[in-house]
Amino acid sequence: MENLLYNGLLNCRFVDTYLPSDIVVEIGGTSFHLHKFPLLSKCGKIAHALEESENTDKEVHLTLDCCPGGLDAFIIAAKFCYGLRVELSPTNIFVVYCVAEFLEMTDEFGEENLLAQAEAFLHKVVLRSWKDCIVALQSADNSISHAESLRIVHKCLSALSMMVCTDPSLFGWPMMMYGSLQSPGGSILWNGINTGARIRSSVSDWWLEDISCLSMLMFKQLIETMTERGIRPENICGALMHYLRKYLPGLDRWQIGLGGRSKNLANLAMATGIIDQKVLLECLEKLLPERKGKSYSRFLLGLLRIAMILNVCQSCKDSLERRIGMQLELATLDGLLIPNFSYSDHLYDTDCVERIIGHFLSCQSVPVVSFSPSSISDPPRSPSSTPIRKVTRLIDSYLSEIAPDVNLKPDKMLSLVEALPESFRSLHDGLYQALDIYFKAHPWLSQSDREQLCNSIDYGRLSIDACAHASQNERLPLRVVLQVLYFEQLHLRKALSQCLHVLDSDSNAAADANDLTGQILQRDGWVSLVRENCGLRIDLEGMRSRVRVLEQEFASMKRDLSKADRPHSLSITAQAISRKLGCMPVANSSSLHCDAIESFGSSPERSIKKPHHSNH
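Right, let's walk through the structure included here. This is a predicted model, so every value here is computed, not measured.

**Here's the deal with the overall build of the protein**
For the protein, the helix and strand inventory stands at 27 helices and 7 strands. Each of the 616 residues in the protein was classed as buried or not, and the buried ones make up 43%. Considering only contacts within the protein whose residues lie at least 6 apart along the sequence, 70% involve residues at least 24 apart. A total of about 34500 Å² of accessible surface is found on the protein, and carbon and sulfur atoms cover 55% of it.

**Focus on the packing of helix H11 (residues 233–247) against helix H13 (residues 294–310)**
Viewed as axis vectors pointing N to C, H11 and H13 meet at an angle of 35°, and their least axial separation amounts to 12 Å. H13 is crossed by H11, and the crossing has left-handed handedness. Across the interface between the two elements, Cys237, Met241, Leu244 and Arg245 from H11 touch Ser295, Tyr296, Phe299 and Leu303 from H13. Partitioned by chemical class, the residues of the contact of H11 with H13 number 6 nonpolar, 1 polar and 1 charged.

**A look at the pattern of salt bridges**
Under the criterion given, the structure shown has 13 salt bridges. Across the pair Lys246 and Glu209 runs a salt bridge whose closest N-O atoms are separated by 3.2 Å. In this pair, Lys246 is assigned in helix H11 and Glu209 in helix H9 (residues 208–211), connecting sequence segments 37 residues apart. Note on Lys246: relative accessible area 16%, which makes it buried. Ionic pairing is found between Lys412 and Asp351, a salt bridge with its closest N-O pair at 2.6 Å. Taken as a pair, Lys412 in helix H18 (residues 410–417) and Asp351 in helix H16 (residues 350–362) lie far apart in primary sequence, 61 residues in all. With a relative accessible area of 35%, Asp351 lands in the partly exposed category.

**Regarding the environment of Cys237**
Among the secondary structure elements, Cys237 is positioned in helix H11. The buried category is assigned to Cys237, whose relative accessible area is 0%. Considered as a pair, Cys237 and Arg291 are 54 residues apart in the sequence and their alpha carbons are 9.1 Å apart.

**A short note on helix H2 (residues 44–52)**
Those residues of H2 that sit buried are Gly44, Ile46, Ala47 and Leu50. End-on, the buried residues of H2 take up no more than an arc of 160°, which puts them together on one face. On the buried face of H2, the contacting elements are strand E3 (23–27), helix H1 (36–40) and strand E5 (60–63).

**Side note on the side chain of Glu234**
Mapped onto the fold, Glu234 is located in helix H11. Among the polar contacts made by the side chain of Glu234, one reaches the side chain of Arg232 at a distance of 2.6 Å.

**As for the side chain of Asn113**
Examined against the element boundaries, Asn113 turns out to sit in the loop between helix H4 (93–102) and helix H5 (114–124). Classification of Asn113 as buried rests on a relative accessible area of 0%. Here Lys42 takes part through its backbone oxygen, which lies 3.1 Å from a polar atom of the side chain of Asn113. In contact with Asn113, other than residues within four places in its own chain, are Lys42, Phe80, Met105, Thr106 and Asp107.

**Quick look at the packing of aromatic side chains**
Enumeration according to the criterion identifies 4 aromatic pairs in this entry. With centroids separated by 3.9 Å and ring planes inclined at 10°, the aromatic side chains of Phe219 and Tyr243 adopt a geometry described as stacked. Here Phe219 is found in helix H10 (residues 216–228), whereas its partner Tyr243 is found in helix H11, with 24 residues between them in sequence. The same class applies to Phe219 and to Tyr243, which are both buried.

**Section: the state of the cysteines**
Counted by the stated rule, this structure contains 0 disulfides. The structure places no disulfide on Cys156, whose sulfur is separated from the nearest cysteine sulfur, that of Cys133, by 4.6 Å. Owing to a relative accessible area of 0%, Cys156 belongs among the buried residues under this scheme.

Here is what the cut-offs are and how they apply
- Residues numbered from 1 in each chain as written.
- Predicted model: local features only at pLDDT ≥ 70, side-chain atom pairs only at ≥ 80, totals over all residues.
- Heavy atoms only, no water.
- Helix = DSSP H or I, 4+ residues; strand = E, 2+ residues; numbered from the N terminus.
- Buried < 20%, exposed > 50% of the residue type's maximum accessible area, 1.4 Å probe, protein only.
- Contact = heavy atoms within 4.5 Å.
- Areas by Shrake-Rupley, 256 points an atom, 1.4 Å probe, with all protein chains shown as cover.
- Axes fitted to C-alpha atoms, helices over the stretch in contact; angles between N-to-C directions.
- Left-handed = near helix turned anticlockwise from the far one by under 90°.
- Nonpolar A, V, L, I, M, F, W, Y, C, P; charged D, E, K, R; others polar.
- Salt bridge = Lys/Arg side-chain N within 4 Å of Asp/Glu carboxyl O.
- Arc of directions from axis to C-beta.
- Polar contact = N/O pair within 3.5 Å; in protein donor to acceptor, adjacent residues only side chain to side chain.
- Phe/Tyr/Trp six-rings, centres within 6.5 Å; stacked < 30°, edge-to-face > 60°.
- Disulfide = S-S within 2.5 Å.

And the structure:
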């Protein structure tokens, strides 16, 4: 029975009966010409309004602009008042419940009134089914404010939170992940026939696709309810990651190993274009748990890039950088190479990485709990792979990657180098490699800039291979090369003393050299470097003077050899040279000559009989 119709001329609706209307209800500019008796027997709000009205004999006009659900909700209530059957469903339960409560359609004005029927349907049907709860929350946008005041939204959210931790076969299988192809037992249906084939899916994440179809505000309330109920942080994090990946399309570009999941919910899911991605990110970022994990760290780095592209508020960026800094040892090099989205000439956003390092240093005193191994697991930690060492290697690799940028200024490079304390680097090979690449890409750097950057390297912590490379590196300042040579000599002396087990005096000298190295390692500043350079220069001058003396002696030897034109003079000259070189005196040349002739001219028999005299 279509009882409420439009008038062709006016924005009015009339009841299709033969009795004239005696009450006009106006909602949103539309007038409903109805009758008092059906409304008074069901609606307490209209009954109270008529009691307060003075004109009871004439047609009464009521205005209900605050009616939840608008025209459609009031039409359902009017049909119920006229005795028509109202079909309750998860789609309209919130609207019917709200309008029944607004019009005071309680049992006081009639048995089994609309409010009682709506409440019974909500508790007996909707709250016991996962599917009905999802559909009801999706359709609550029109009456969300009034529904929240009635706590019926909270009841649905609490029911969903409880079902997340429960076996899905107890309350209805997931409805949206695979549509109508899944049976309560989990097998696939074909034309209603159970094929016995099982769906390959993880039991712990069956609900993620379903709740991702909710609106942003409804999804936020659901996550807050789950947090209050003590749902595991990895489940909450998984839901947020799934929701953000779905409605931030650029986020999947920074993720690795994400399998594409079929989306057959185009009619139920929200269109991506109607979502304000900036508001979405700023709203849901606050719900991310304070935990750490390898995949979670990769997700946060991708989320930070999207935040910079969307130009979200500064507080949201700072929070993401802080979360990344709390687990910087789990980050990857490609994740830290964040492009520069500002108007700067730098290829990468080095300021962001510097702030992340600062957050890592500030969080060292407060340990962060990792996710459980069942969901987002971290690799086992060995004693040699501590977070500090991992971060040091990561930052050194990052410096090597950004060093070829020709627009990277020396002061910015120095600021990044000094972002980590010197004590964090047990070996400075990675830092030396990064600076060498930087010097090669910036040949126009001044001598002072090179020396200032090289001051951050502790040459006592360079390996032998790095020292050998640095001693022949023409891009380094001469003062740095001299320091490298000095420490290279200390390394060699230490290696020789350990391998050859030299005398005690050499061992003491090596120990003194190690003590000297320790003292130099403890020094810092320009004054100590200048003093060391002065000592090295004095040693170098002494070596040059000794080389000049040797050259003079070699020249005199050449002159003596040029004068020796006979064998007799040659023997005399050889004896003189041997005396200069400090060798043993040589035997007479004539006797040697005779012995040689005798030995070569003798017969074999004679040579055998003659005893052999050893020169030893």
